[in-house]
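# Structure assessment
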Amino acid sequence: EAGVAQSPRYKIIEKRQSVAFWCNPISGHATLYWYQQILGQGPKLLIQFQNNGVVDDSQLPKDRFSAERLKGVDSTLKIQPAKLEDSAVYLCASSLESSGRTETQYFGPGTRLLVL
Amino acid sequence: AQSVTQPDIHITVSEGASLELRCNYSYGATPYLFWYVQSPGQGLQLLLKYFSGDTLVQGIKGFEAEFKRSQSSFNLRKPSVHWSDAAEYFCAVDTGGGNKLTFGTGTQLKVEL
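Each residue is numbered by its place in its chain's sequence as written, counting from 1. Think of it this way: whatever chain is written first is A, whatever ligand is written first is 1, and the rest follow in order. Residues qualify for local features only when their pLDDT is at least 70, as the model is predicted, and side-chain atom pairs are given and counted only at 80 or more; totals for whole chains, interfaces and linings, by contrast, use all residues. Note that water and hydrogens are dropped before the side-chain values are worked out from all heavy atoms of the structure.

All names here are of chain A. Any two strands with at least two DSSP-identified bridges between them are counted as paired. Each helix is a run of H or I in the DSSP string that is no shorter than four residues. Each strand is a run of E no shorter than two, and both are numbered from the N terminus. Read across the open sheet, the 4 strands follow the order 1-3-8-7; overall the sheet is antiparallel. At either end of the open sheet lies a strand with only one pairing partner, and these are strand 1 (5–7) and strand 7 (65–68). Direction aside, the axes of adjacent strands within the sheet are offset by 15° on average. Of the strand pairs in this sheet, strand 1 and strand 3 (residues 19–24) are connected by 3 bridges, and their pairing is antiparallel. A fitted line through C-alpha atoms represents every axis, and for helices the fit uses only the stretch in contact; the resulting angles, taken between N-to-C directions, go from 0 to 180 degrees.

Below you can see the structure in the form of structure tokens.
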């Protein structure tokens, strides 16, 4: 079974530029998550999708971050404009449909972003 | 709000020695508990999880963890560490049953040969 795929693996941009990350979850997983992991910290949930609907985006900085999952499968996370403090690893995870239950989340390898 | 504390930022053990990584959580009821491992440049891999039932849970790679309600702890253990276990270990909790994980800050494990 293929795991969660993410691209690119690494990205270097200058502040105020825009960047986008792509995630393809495990086949059949209805729930998709984006996490931000700053160096020395644990991952922090940015946004959670159930199929193509947003379940929780309370910690997403909406003035500069956006995410979509148009067909309920792949997802993109965008930052525009980027700030220095956005340097982090962006992790995508997926799980079976939660519907209020706790399901195991499976993580992709992450995209490491450096903002100069 | 729920929180997760991993009091040890770095731990160094000799290969073959036993290991215990500490995790404490703050929540009124019994949460769902997880341990993940992250190798350099990799995503997080699930080691084990506790939802209910037997408080001693077995995971992959020879790891186990014990849920202790009275201490609000979920410590990870391994009887004999291998050099390949060197990685960062994260404890996480889901208190709402809605798959919203709160992670600790992680413990970096170094294994001396």
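Text resumes after the structure shown.
The next thing to look at is the nonpolar core. All names here are of chain B. Counting 26 residues, the largest nonpolar core has Leu19, Trp35, Leu47, Leu48, Phe74, Leu76 and Tyr89 as its most contacted members. The set of elements that each furnish at least two residues to this core consists of strand 2 (10–14), strand 3 (19–21), strand 5 (32–38), strand 6 (44–50), strand 8 (64–68), strand 9 (73–78), strand 10 (87–94) and strand 12 (107–112). Ranked by the residues each element gives to this core, the list is headed by strand 10, at 4 residues. In this view, Leu76 contacts Leu19, Glu20, Leu21, Trp35, Leu47, Leu48, Phe63, Glu64, Ala65 and Tyr89; residues no more than four positions away in its chain are not counted. Joining through side-chain atoms within 4.5 Å is the link that ties buried Ala, Val, Leu, Ile, Met, Phe, Trp, Tyr and Cys residues into a set, and such a set is a nonpolar core. The rule is simple: take the accessible area with a 1.4 Å probe, protein chains only, and divide by the maximum for that residue type; under 20% is buried, over 50% is exposed, in between is partly exposed. In what follows, residue pairs with any heavy atoms lying within 4.5 Å of each other are defined as contacts.

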